[in-house]
Amino acid sequence: MKNQKEYSQKVLDNELALLWVNTIGMMLLAFYCVYKRFDAAFPWLTAMVGLPWAAWAASKSGYTMKSTKQNTAGGITYEMAMLEAKAEQQNPQTIAEETVTDL
């Protein structure tokens with residue numbers, strides 16, 4: 001269970017995948033517009049690519065700040081890791097047995 005990504009990381013990965021699909025699609029549409037000599041579409045094509053990337057940047061910034069707070073002293077992830085490390089130092093045999101029974 002420890003190796004699973006947390007929900008916010010999954011959301012960020014999905015957003016990035018959708019962004020790339022959108023970007024490639026808009027680039028293909030732009031090439032088609034050039035081929036048909038229709039240059040009036042470029043402003044909205046640019047917006048269709050640029051605005052989602054700007055929104056993703058804000059989302060990524062929020063996720064990075066959340067991760068930073070969690071993984072520093074006082075953050076929940078940091079504190080849980082410290083408690084697990086302390087428990088392992090105090091009783092390594094019990095933790096090894098729990099790991100074997102979990103498999």
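Description of the structure in this document. (Residues numbered from 1 in each chain as written. Predicted model: local features only at pLDDT ≥ 70, side-chain atom pairs only at ≥ 80, totals over all residues. Heavy atoms only, no water.)

Moving on: the overall build of the chain. Of regular secondary structure, the chain possesses four helices and zero strands. Out of the 103 residues in the chain, the part that is buried amounts to 13%. Looking at the chain as shown, the accessible area adds up to about 8,400 Å², and 66% of this sits on carbon and sulfur atoms. (Helix = DSSP H or I, 4+ residues; strand = E, 2+ residues; numbered from the N terminus. Buried < 20%, exposed > 50% of the residue type's maximum accessible area, 1.4 Å probe, protein only. Areas by Shrake-Rupley, 256 points an atom, 1.4 Å probe, with all protein chains shown as cover.)

Now for unusual backbone geometry. Its identity as a non-glycine residue notwithstanding, arginine 37 has a phi of 60°, on the positive side. Counting through the fold element by element, arginine 37 comes out in the loop between α1 (7-35) and α2 (42-70).

With that settled, the discussion passes to a nonpolar patch on the surface. A surface patch of nonpolar side chains, about 570 Å² in accessible area, is lined by Trp20, Ile24, Met27, Leu28 and Phe31. Structurally, the position occupied by methionine 27 is in helix α1. Here methionine 27 falls in the partly exposed class, since its relative accessible area comes to 42%. (Patch = residues over 30% accessible without salt bridge, like charges linked within 9 Å, V, L, I, M, F, W, Y side chains within 5 Å. Salt bridge = Lys/Arg side-chain N within 4 Å of Asp/Glu carboxyl O.)

For serine 67, the position within the fold is in helix α2. Sequence separation between serine 67 and glutamine 9 is 58 residues; the distance between their C-alpha atoms is 9.8 Å.

Another point: the packing of aromatic side chains. One pair of aromatic rings is described through two measures. These are the centre distance and the angle between the planes. As enumerated under the stated definition, the model contains three aromatic pairs in all. Note on tryptophan 20 and tryptophan 53: the rings are 5.4 Å apart at their centroids and 80° apart in plane angle, and the pair reads as edge-to-face. Placement of the pair is tryptophan 20 in helix α1 and tryptophan 53 in helix α2, with a sequence separation of 33 residues. Accessibility expressed as a relative area gives 46% for tryptophan 20, which makes it partly exposed. Geometrically, the ring pair formed by tyrosine 32 and tyrosine 35 is tilted, given 6.5 Å between the ring centres and 35° between the ring planes. A residue pair is termed a helical-turn pair when its members lie 3 or 4 positions apart in one helix, as tyrosine 32 and tyrosine 35 do in helix α1 at three residues. Assessed through its relative accessible area of 47%, tyrosine 32 is described here as partly exposed. Among the aromatic side chains, those forming a connected cluster through ring pairs are Trp20, Trp53 and Trp56. (Phe/Tyr/Trp six-rings, centres within 6.5 Å; stacked < 30°, edge-to-face > 60°.)

Interpretation in functional terms is not warranted from these geometric data alone.
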